[in-house]
Amino acid sequence: MKLSISHPKLTMIRFEINGQIVPHSQINQEFVVDVNQESNIEVFFEPWKTKPLVRINSHLIDYWLADIMQFDHMIQVRWDNNFYQRYQEKNIQCKMRSLGITKQEDIDYYLGINNSNFDIVEQIKKYL
Amino acid sequence: MGKALLINLPQYDTIAPPGALAILAAVCKQNNYNYTLFDFNIKLHRRLNENQLQHLSDWLTGIIPKYDSLNSDLKKDLLKIWNESITPKLLEQFDIIALSVFTVWSLRIVQLILPELRKITKTKIVLGGNGCDSKFFDTKIPFDQWVVNNNLADYIVKGDGEPTFAAILQGKNNIPGVNGYPQKHDWDINNYPIPDYSKFDLAEYNSKKVYITGSRGCVRNCTFCDIAVSWPKFRYRNADNIVEEIKKHYYDLGITNYDFTDSLINGSISNFYKFNTALAEEKAKNSDLKDIKYIGQFICRPQSQMPKDHYEAMYYAGCTQLTVGIESFSESVRLHMRKKFSNSDIDYHIEQSSYWGIKNVWLMICGYPTETINDHKENLSGLKKYQQYAQQGIIELIRWGTTMHLFENTPIVSGEMIKELGLKIHTEQEEIFDSVYNWTSNVNPQLTLVERIRRRIEIHEHCVNYGYLQPRVRQELMAIKNLAMLIKEKL
């Protein structure tokens, strides 16, 4: 996985993966590291009180959905195989709260979750 | 000072206040009219239970085929709730009553309440909205003809409501678009007043957002679409005009979420870019505005037309979701549809959307008349190709509908296309649906309704396997099941 950080005002950046400083590359205004395994990633930067954009494999991720811990001088990101599953689950919870949805049929209707409906699919196949 | 009663009708969502009423409210204010709002749709949602609301929805949308099949107790309740609010005494104070007939799905409620309204008041009644151009599902009688024949309203407005309603309030005659006078299609929408939401109780609606219009009409002429009937010409508001409206609603009402009603927000690429940069600059200058966000419908364009800095500008302006008519993953099908974008354009668009975290809702069609089995296989391959974006949540939702159906007034049912495609329409089940599902094409004879359903089911199974979220799919599958039953009965 490629983690990239960008912000127009960054003057210093340092990546630490599982407590070890790792080298990074720079492509235009983005600072990029490769992350090959489950990792606790810390990104230190200057100036402080900056909120950089964080991308995973060129996908801009939301701080809250990704459980990114934000400090004045650094951010913490946890990467593992379940990252996107957690991301999606939190996204869905957030949408349910925002739309005031609690009932299962509304979850299906508005969010399209648990939508296999294979019972109806089998009925349709019988008619065909 | 005159006084107007502005009424919103079901079928309508309860997510946000109806934009049409906000437009009429602004016109009233501009023409020195006081106004009162009555959202009958919200009232029903507060008063009816779930089963009643479902039955009402099925009746309004024609799933219940006959008008008279409305449950008699529900009918009594509807009229009771209506008559409690709309009384002769209330109506005495108004000089004009305007009802928003938003779509064909409002026709049946109008059919129910308009005769009641006409019985108790001589106040002038105005009907407007796209529904005025529609026909009743079961009888196929044009709505405006029914209104005129039964003398139920004084004005029927088609086209832009702003100038026409203003002209009605000013007591003018021979107004373009009113009572059959030819519509004018080149009104300058920059001259329209900003919609007025000041008298809405925003707490009544689910989301704290409002609808906003940046343009009317479309720059394409897709074969399956009838938008050109309502808005034959594409017209757009200046970017600064739209930003001013957003700022006004924010400072007056605290609204941060905006939902564009446009058929496409990027019809004018330069104006759209200007809007995004202007809004981004306002947000950078003034941190009050930092939470402003917007969503809208969007057309996929090549990189040469929408370079990367356009997507960046959308991000900083607050674009959070785009609804895109991808329609098919087959270039040849899209070519016939007149979509004018390639597969690499789709790749570019979704990459940029992912890069800037802008979610997509993809609208698709299964069973377009020219769709061969190889085109269908391209659809299945496309679902596999883009599944990573579904798993990221960038393709937030995908909708495949209930298989291709033919609507009146769309290019696909023009004489020329019917001849080109050898389309044959089999009408026996039309009474149930407001469009035609049962058609065949002589140039693509394998694509029967049975085959379209089979492909749709296969697509559904692939979507589930790849993790695509499909809203309302249960309802779609139920409709497809009904179709499949009909075919079986026919055979």
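Residues numbered from 1 in each chain as written. Chains lettered and ligands numbered in written order. Predicted model: local features only at pLDDT ≥ 70, side-chain atom pairs only at ≥ 80, totals over all residues. Heavy atoms only, no water.

Comments concerning the overall build of chain A
(1) Moving on: The helix and strand tally for chain A stands at three helices and ten strands.
(2) Moving on: Helices and strands appear in chain A in the N-to-C order β-β-β-β-β-β-β-β-β-β-α-α-α.
(3) Moving on: Its C-alpha atoms give chain A a radius of gyration of 20 Å, more than 25% over the compact-globule value 14 Å for 128 residues.
(4) Moving on: Overall, chain A is about 65 × 30 × 25 Å in size when its C-alpha atoms are taken along their principal axes.
(5) Moving on: Scored against the burial criterion, the 128 residues of chain A give a buried share of 45%.
(6) Moving on: Long-range pairs, those at least 24 residues apart, make up 60% of the contacts in chain A with a sequence separation of at least 6.
(7) Moving on: Entry remark: accessible area of chain A is about 7200 Å², with carbon and sulfur atoms responsible for 49%.
(8) Moving on: Of the charged side chains in chain A, 14 are positive and 16 negative; the average position of the first set lies 3 Å away from that of the second. (Helix = DSSP H or I, 4+ residues; strand = E, 2+ residues; numbered from the N terminus. Rg over C-alpha atoms; globule rule 2.2 N^0.38 Å. Buried < 20%, exposed > 50% of the residue type's maximum accessible area, 1.4 Å probe, protein only. Contact = heavy atoms within 4.5 Å. Areas by Shrake-Rupley, 256 points an atom, 1.4 Å probe, with all protein chains shown as cover. Lys, Arg positive; Asp, Glu negative; His and termini not counted. Charge placed at Lys NZ, Arg CZ, Asp CG, Glu CD.)

Digging into the interface of chain A and chain B
(1) Moving on: Contacts between the two partners involve 34 residues from chain A, matched on the other side by 39 residues from chain B.
(2) Moving on: Interface area, chain A with chain B, both sides summed: about 3200 Å², of which 57% is carbon and sulfur.
(3) Moving on: Linking chain A with chain B are three salt bridges.
(4) Moving on: Measuring nitrogen to oxygen at the nearest pair gives 2.7 Å for the salt bridge that ties Lys95 of chain A to Glu396 of chain B.
(5) Moving on: Among the elements of the structure, β7 (53-56), β8 (59-60), α1 (83-99), α2 (104-111) and α3 (118-127) of chain A are those that each provide at least two residues to the side of chain A that touches chain B.
(6) Moving on: With nine residues, the single largest contributor to the side of chain A that touches chain B is α3 of chain A.
(7) Moving on: Residues of the side of chain A that touches chain B, tallied by class, amount to 15 nonpolar, ten polar and nine charged. (Buried area = accessible area lost by both parts, 1.4 Å probe. Salt bridge = Lys/Arg side-chain N within 4 Å of Asp/Glu carboxyl O. Nonpolar A, V, L, I, M, F, W, Y, C, P; charged D, E, K, R; others polar.)

What to know about the nonpolar core
The tendency in soluble globular proteins is for nonpolar side chains to be buried as a group.
Residues and elements named next belong to chain B.
(1) Moving on: Of all hydrophobic cores here, the largest spans 84 residues; its most connected members are Leu6, Phe275, Tyr294, Met314 and Trp362.
(2) Moving on: Take this core: its biggest share by element is six residues, from helix α1 (residues 19-30).
(3) Moving on: Phe38, Tyr67, Ile125 and Phe136 belong to the second-largest nonpolar core, a separate cluster that totals 44 residues. (Core = buried A, V, L, I, M, F, W, Y, C linked by side-chain atoms within 4.5 Å.)

Quick notes on empty space enclosed by the protein
Residue and element names in this part refer to chain B.
(1) Moving on: Under the defined criterion, the tally for this structure stands at three cavities of 30 Å³ or more.
(2) Moving on: Considered as a void within the structure, the largest cavity measures approximately 100 Å³ in volume.
(3) Moving on: Every residue along the wall of the largest cavity is listed here: Gly214, Ser215, Phe234, Tyr236, Ile242, Phe260, Asp262, Ile265, Ser268, Asn271, Phe272 and Phe275.
(4) Moving on: With three residues, the single largest contributor to the lining of the largest cavity is helix α11 (residues 269-285).
(5) Moving on: Partitioned by chemical class, the residues of the lining of the largest cavity number seven nonpolar, four polar and one charged.
(6) Moving on: Considered as a void within the structure, the second largest cavity measures approximately 40 Å³ in volume. (1 Å grid on protein atoms, 1.4 Å probe; cavity = no way out; pocket = protein on both sides within 12 Å on 5 of 7 lines; lining within 4 Å. Points joined across faces, edges and corners; volume = space filled by probe spheres on them.)

Notes on the confidence of the model for chain A
In low-pLDDT regions, the fine details of the predicted coordinates are not to be read closely.
(1) Moving on: Confidence along chain A averages 92 in pLDDT terms, with 100% of residues attaining 70 or more.
(2) Moving on: Across chain A, the element-wise mean pLDDT spans from 81 in α2 of chain A up to 97 in β7 of chain A. (pLDDT = per-residue confidence, 0-100.)

Some words on unusual backbone geometry
(1) Moving on: The step from Glu46 of chain A to Pro47 of chain A runs through a cis peptide bond, and the omega angle for that step is 0 degrees.
(2) Moving on: The residue after Pro10 of chain B, namely Gln11 of chain B, is reached through a cis peptide bond having omega 5 degrees.
(3) Moving on: We note that Asn18 of chain A has phi near 50 degrees; this positive angle belongs to a residue other than glycine.
(4) Moving on: By secondary structure assignment, the location of Asn18 of chain A is in the loop between β2 (12-17) and β3 (20-22).
(5) Moving on: If you check the backbone angles, Arg472 of chain B has positive phi at about 60 degrees while not being a glycine.
(6) Moving on: Judged by its relative accessible area of 31%, Arg472 of chain B is partly exposed.

Focus: the environment of Thr213 of chain B
All names here are of chain B.
(1) Moving on: Within the secondary structure layout, Thr213 lies in the loop between β6 (209-212) and β7 (215-216).
(2) Moving on: Note: C-alpha distance between Thr213 and Asp259 (46 residues apart in sequence) is 8.4 Å.
(3) Moving on: What Thr213 contacts, discounting residues up to four positions off in sequence, is Arg237, Phe260, Thr261 and Asp262.

Remarks on the sheet that holds strand β11 (residues 319-327) of chain B
Residues and elements named next belong to chain B.
(1) Moving on: Across the sheet, six strands lie side by side as β6-β9-β10-β11-β12-β13; this open sheet has parallel pairing. The sheet is open, and its two borders are formed by β6 and β13 (395-399), each paired with just one other strand. Across the sheet, the axes of successive neighbouring strands diverge by a mean angle of 20 degrees, strand direction being ignored.
(2) Moving on: Where strand β12 (residues 359-364) meets β13, four bridges bridge the pair, whose relative direction is parallel. (Pairing = 2+ DSSP bridges. Axes fitted to C-alpha atoms, helices over the stretch in contact; angles between N-to-C directions.)

Quick look at the pairing of strand β2 (residues 33-39) of chain B
(1) Moving on: When strand β1 (residues 2-8) of chain B meets β2 of chain B, the two strands line up parallel, connected through seven bridges. Its bridge partner lying in β2 of chain B, Leu5 of chain B is registered against Thr36 of chain B.

Some thoughts on the layout of surface pockets
(1) Moving on: In this structure, the second largest pocket encloses a volume near 250 Å³.
(2) Moving on: Taken together, 14 residues make up the lining of the second largest pocket; nearest its centre are Tyr84, Gln85 and Gln88 of chain A together with Ala390 and Gln391 of chain B.
(3) Moving on: If you tally residues by element for the lining of the second largest pocket, the top one is α1 of chain A, at six residues.
(4) Moving on: Partitioning the lining of the second largest pocket into residue classes produces seven nonpolar, five polar and two charged.

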